[in-house]
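Structural characterization, general
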Amino acid sequence: MLNQPLYPISIIGDSSTGKTSLIIQFTSSKFDEKMSATIGIDYFMEEVTCKDGNTYKIKIMDTAGQEQYHSMTLNMLKICKGILLVYSITDKDSFNNLESKWINEINDSVDVNNIPIVLIGNKKDLEDERVIEEQSAREFANKFNLKFLETSSKTGENVDLAFKELINEVVKSKNNVNKNEIKNENQNQNINNNININQTYILKLDNQKMYKKQKKKGC
Ligand SMILES: Nc1nc2c(ncn2[C@@H]2O[C@H](COP(=O)(O)OP(=O)(O)OP(=O)(O)O)[C@@H](O)[C@H]2O)c(=O)[nH]1
Ligand SMILES: [Mg+2]
């Protein structure tokens, strides 16, 4: 479809919380025990059919949790229409950093009250190693008016749901999209070039067929 709008969303949070694994599970229904840390920013394209019956192109910006890429991540948020904010239920620091680091800093880049954000407690399969109770996270989410889900990128539990929750919210607020801002992939590519996108996983998709697409997405 020509001029089909492209909705960029991003996934952020501490390193090793499972951001890339969540995307791979959502886009390809795969899980890699030895996922490498993301360098800079990667992106993934997905077409999703939403509740309104329309199909939307979604560009998922995968950010690196490592500190040296932090300013790149915050800069990139300025072009995004929705955010998945991830901690691991097995990592206390990643939860504590949600407020002290992520929420405060997101607020410097975008208005947290005006952008859909879904909070994700990942690694739900590791119940024996859990250090963050679901109730604490739910209270945190309520405090900041975020949607909240616990997920496992290993088993796939709630992964589709988390992405779809966000994408439906983004599409619902599409009237807020500045129509001159992002009309098609080429225009969006120009924005991406300015922030030095790393296409590691796209190359993996092309060259190694590691994460072969398996299904069409619906919301
Ligand atoms: N058991 C379990 N392991 C997971 C899950 N999600 C990710 N992992 C593992 O956790 C490690 C880190 O996952 P990544 O997806 O690379 O984490 P990331 O948040 O993208 O990390 P950065 O790119 O450094 O920011 C990898 O070894 C994954 O296999 C999960 O839901 N359950
Ligand atoms: Mg990663």
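Residues numbered from 1 in each chain as written. Chains lettered and ligands numbered in written order. Predicted model: local features only at pLDDT ≥ 70, side-chain atom pairs only at ≥ 80, totals over all residues.

1. Quick word on the overall build of the protein chain
From N to C terminus, the protein chain includes 7 helices and 7 strands. In the protein chain, the succession of α and β elements from N to C terminus is β-α-β-β-α-β-α-β-α-β-α-α-α-β. (Helix = DSSP H or I, 4+ residues; strand = E, 2+ residues; numbered from the N terminus.)

2. Digging into the environment of Tyr43
Its location among the elements puts Tyr43 in strand E2 (residues 41–49). For Tyr43 and Thr20, which are 23 residues apart along the polypeptide, the C-alpha to C-alpha distance reads 9.9 Å.

3. Quick word on the site of ligand 1
In the neighbourhood of ligand 1, 22 residues make up the surrounding shell, with Gly18, Ser21, Ala37, Thr38 and Gly65 lying closest. Of all the elements, helix H1 (residues 19–28) adds the most residues to the shell around ligand 1, at 3 residues. For the shell around ligand 1, the class distribution of residues is 4 nonpolar, 12 polar and 6 charged. (Near = placed C-beta within 6 Å. Nonpolar A, V, L, I, M, F, W, Y, C, P; charged D, E, K, R; others polar.)

4. Things to note about the confidence of the model for the protein chain
Predicted coordinates in regions of low pLDDT should not be interpreted in detail. In the predicted model, the protein chain carries a mean pLDDT of 83, and 79% of its residues have values of at least 70. When the criterion is pLDDT under 50, residues 177–210 qualifies, and its contacts beyond four places in sequence or with other chains add up to 38 contacts. (pLDDT = per-residue confidence, 0-100. Contact = placed C-beta atoms within 7 Å.)

5. A few points about the packing of H1 against helix H5 (residues 159–172)
Packing of H1 against H5 leaves a shortest axis separation of 9 Å and a crossing angle of 90 degrees. Of the possible angle classes, the one that applies to H1 and H5 is roughly perpendicular. Within the contact between the two elements, H1 uses Leu22, Gln25 and Phe26 and H5 uses Val159, Asp160 and Phe163. Looking at the contact of H1 with H5, its residues break down into 4 nonpolar, 1 polar and 1 charged. (Axes fitted to C-alpha atoms, helices over the stretch in contact; angles between N-to-C directions. Parallel < 35°, antiparallel > 145°, perpendicular 65-115°, else oblique.)

6. Describing unusual backbone geometry
Its identity as a non-glycine residue notwithstanding, Asn145 has a phi of 60 degrees, on the positive side. Backbone geometry at Asn158 places phi at a positive 65 degrees, although glycine is not the residue there. If you trace the backbone, Asn158 turns up in the loop between strand E6 (147–150) and H5.

7. With respect to the sheet that holds strand E7 (residues 217–218)
What holds strands together in a sheet is hydrogen bonding between their backbones, with the strands either parallel or antiparallel. Taken together, 7 strands build an open sheet; the order of strands is E6-E5-E4-E1-E3-E2-E7 and the sheet is mixed. Where the open sheet ends on each side, the last strands, each with one partner, are E6 and E7. Of the strand pairs in this sheet, E2 and E7 are connected by 2 bridges, and their pairing is parallel. Its bridge partner being in E7, Val48 is matched across the sheet by Lys217. Relative to the sheet, H1 contacts strand E1 (6–13), E2, strand E3 (55–63), strand E4 (82–88) and strand E5 (117–122), its axis offset from that of E3 by approximately 155 degrees. (Pairing = 2+ DSSP bridges.)

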